[in-house]
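Coordinate analysis (summary)
Read off the chains here:
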Amino acid sequence: MHFDLPPIDQQAERLIELGIHEMAGLSANDVRAAAAAGQGDAGLLTVHEKLAPASVLTPLLALENKRGFVVVDMGDVDLFAPTEQATLPESALHLLGGVDRGDHLANWSPDEALPAIIDAERTPLTLTEGIHWLLQRPDILERGKCFMTIGSRLRKPDGSFDTRTPAVWISNGTGRDGKDNRNAPKVGWCWWGNRHTWLGFASASDRAPLPN
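Now for a look at the structure at hand. (Residues numbered from 1 in each chain as written. Predicted model: local features only at pLDDT ≥ 70, side-chain atom pairs only at ≥ 80, totals over all residues. Heavy atoms only, no water.)

The subject of this paragraph is helix α1 (residues 8-17). Within the sequence span of α1, burial applies to I8, Q11, A12, L15 and I16. Within α1, the buried residues cover an arc of 140 degrees as seen down the axis, which keeps them to one side. In the core, the buried residues of α1 are packed alongside α2 (20-23), α3 (28-37), β1 (44-47), β6 (93-97) and α6 (127-136). Positive backbone phi, approximately 80 degrees, marks G19, located one or two places after α1. (Buried < 20%, exposed > 50% of the residue type's maximum accessible area, 1.4 Å probe, protein only. Helix = DSSP H or I, 4+ residues; strand = E, 2+ residues; numbered from the N terminus. Arc of directions from axis to C-beta. Contact = heavy atoms within 4.5 Å.)

In structure tokens:
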């Protein structure tokens, strides 16, 4: 499903309001200048994950006054890196075009969804890109309609991929999540070969670097 985004200059102000520029070692003017360079283009303004990793961004997510969190068994969340199908520009900020939640792929496994995304000439979102999307549009995360970010994978020492796959959904507050986290945005994982009726696959049409 497609969701309209605020104008890029408003997205820049949102990132500045959240303090992401400071976390990333950028000035407010850096962010505004990059946004100005992208004016006239539609897309999601995103800070490179090397500057703003998932562990830093996740607590900035919020739904119903509940802050986002990373599941306890994903302490290595920042080691999940972009795959070759989701290569990031080297610039500090970039634009993602045509971002989609991938509802039509719900109940597909990641290994089934990835070829479909590539065949459609699209690119899977990385985890931090998905978080940026939710920082601009928290309402994209809905019960029963959340998404995976299979552009991020973790390489094991032998070169193979860890079978955990990052996703963002809404916690039920059960188990190790804790009841206080009920209805909070949750960064977790699912197995690469499993299907979930309530998880689509977020993707974009393209990535465009913005001047540093």
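The discussion continues.
Once that is clear, we can look at the sheet that holds strand β10 (residues 164-170). The sheet built from 5 strands is open, its strands ordered β4-β11-β10-β8-β12 with mixed pairing. Two strands bound the open sheet, and with one partner strand each, they are β4 (69-70) and β12 (199-201). Taken together, the 2 bridges between strand β8 (residues 146-148) and β10 define a ladder with antiparallel strand orientation. Note that in β10 the partner of F147 across the bridge is V168. With respect to the sheet, helix α5 (residues 110-119) is in contact with β8, β10, β11 (185-191) and β12, its orientation differing from that of β12 by roughly 35 degrees. (Pairing = 2+ DSSP bridges. Axes fitted to C-alpha atoms, helices over the stretch in contact; angles between N-to-C directions.)

On the basis of which strands lie adjacent, the open sheet formed by 3 strands has the order β1-β6-β14 and antiparallel pairing. Of all the strands in the sheet, the pair left with one neighbour each is β1 and β14 (206-209). When the angles between neighbouring strand axes are averaged without regard to direction, this sheet yields 30 degrees. Two elements, β1 and β6, share 4 bridges in a ladder whose sense is antiparallel. Looking at β6, one finds that T46 is bridged to H94. In this fold α1 packs onto β1 and β6, with an angle of close to 35 degrees to the strand it touches most, β1.

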